[in-house]
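# Topology and contacts: notes
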Amino acid sequence: MPAFLVSEESNLLPFSKLYLKSILQEENDMKFIEKKEGVEAVIHFSEILSKLMKESERLCKCHASDLFISWEGVLEEMRSPDFFDTFPKTFFFGFRECGVDGEGFLRARLTDPRMYGVRPYLSIWTLQFEMAAEDSFSAKLKQLTEEEIQDLQIHFMEEKEG
């Protein structure tokens, strides 16, 4: 089942500014949607959220439901009228033994190893939105490798110092 569906179900996120025509292509976790003027639609993220929930259940001994705080931050940004004006957009999910962090806390923990340790996260995932074509976008959920986490940590530290 694709991650993006046009549907009337109440658990889906409605968009007034997003116009969808059809699913263009599917490749692993990447889903492509084509926008079309005049059609209001919703996006169904059940596959993406299911993977994040499984990771939270697997890694978090407590406060696994923090995932929903981070997820609500994603939904809030997507409800913004200018969300689809600039791409790429990346959202972070940092899984710890006691909770799940969005970008703000993730950035703070990765840039202060004396306070939080050299490796404060058991796993980090990203949800990235990119333009797939002039009139479509893609969303890809990805678990970062150790090397990518180190690169991210260096990048955040450089931003903090600069």
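Quick look at the structure, then.

Quick notes on the rules
- Residues numbered from 1 in each chain as written.
- Predicted model: local features only at pLDDT ≥ 70, side-chain atom pairs only at ≥ 80, totals over all residues.
- Heavy atoms only, no water.
- Helix = DSSP H or I, 4+ residues; strand = E, 2+ residues; numbered from the N terminus.
- Buried < 20%, exposed > 50% of the residue type's maximum accessible area, 1.4 Å probe, protein only.
- Contact = heavy atoms within 4.5 Å.
- Pairing = 2+ DSSP bridges.
- Core = buried A, V, L, I, M, F, W, Y, C linked by side-chain atoms within 4.5 Å.
- Salt bridge = Lys/Arg side-chain N within 4 Å of Asp/Glu carboxyl O.
- Expected span 1.5 Å × (residues − 1).
- Arc of directions from axis to C-beta.
- Disulfide = S-S within 2.5 Å.

This part takes up the overall build of the protein chain. Scanning the protein chain from N- to C-terminus turns up 5 helices and 8 strands. Split into buried and exposed, the 162 residues of the protein chain put 43% on the buried side. Of the contacts made within the protein chain by residues no fewer than 6 positions apart, 60% connect residues no fewer than 24 positions apart.

This paragraph deals with the pairing of strand β5 (residues 89–96). Most of β5 sits out of view: 7 of its 8 residues are buried. The pairing of β5 with strand β6 (residues 99–101) spans 3 bridges and is classified as antiparallel. The residue of β6 that forms the bridge with Phe95 is Val100. If you look at the hairpin formed by β5 and β6, you'll find 2 residues sitting between the two strands.

Leu52, Trp71, Phe93, Phe95, Leu127 and Phe129 are the most contacted members of the largest nonpolar core, which totals 23 residues. Residue assignment for this core shows that the elements contributing at least two residues are α1 (46–59), α2 (66–79), β5, β7 (123–133) and β8 (136–143). Considering every element that reaches this core, the biggest residue donor is α2, with 5 residues. Apart from residues no more than four positions distant in its own chain, Phe95 is found in contact with Leu52, Glu55, Ser56, Leu59, Cys60, Val100, Tyr121, Leu122, Ser123 and Trp125. Ranked by size, the runner-up nonpolar core spans 9 residues in total, among them Leu106, Leu110, Leu144 and Phe156.

On to the pattern of salt bridges, then. All chains considered together, the criterion is met by 8 salt bridges. The residue Glu97 makes a salt bridge to Lys61 at a minimum N-O spacing of 3.9 Å. Here Glu97, found in the loop between β5 and β6, pairs with Lys61, found in the loop between α1 and α2; they are 36 residues apart in sequence, far enough to count as distant. For Lys61, a relative accessible area of 69% translates into the label exposed. One salt bridge in this structure joins Arg109 and Asp101, with 2.7 Å as the shortest N-O distance.

On to α1, then. Taking 1.5 Å of rise per residue, 14 residues should cover 20 Å, and α1 covers 20 Å from first to last C-alpha, within 8% of that figure. Looking at α1, one finds that the buried residues are Ile48, Leu49, Leu52, Glu55, Ser56 and Leu59. All buried residues of α1 lie within an arc of 120° about the axis, which places them on one face of the element. Exposed and oriented more than 90 degrees from the buried face of α1 are Lys54, Glu57 and Arg58.

Before going further, it helps to examine the state of the cysteines. As enumerated under the stated definition, the model contains 1 disulfide in all. Shown here is the disulfide that connects Cys62 with Cys98, its sulfur atoms set 2.4 Å apart. Of note, the bridge from Cys62 to Cys98 carries an S-S torsion of about 120° and is right-handed in sense. Within this pair, whereas Cys62 is found in the loop between α1 and α2, its partner Cys98 is found in the loop between β5 and β6, the two being separated by 36 residues in sequence. Looking at Cys60, it has no disulfide partner, and the nearest cysteine sulfur is the one in Cys62, 7.7 Å off. Taking relative accessible area as the criterion, Cys60 reaches 9% and is therefore assigned buried.

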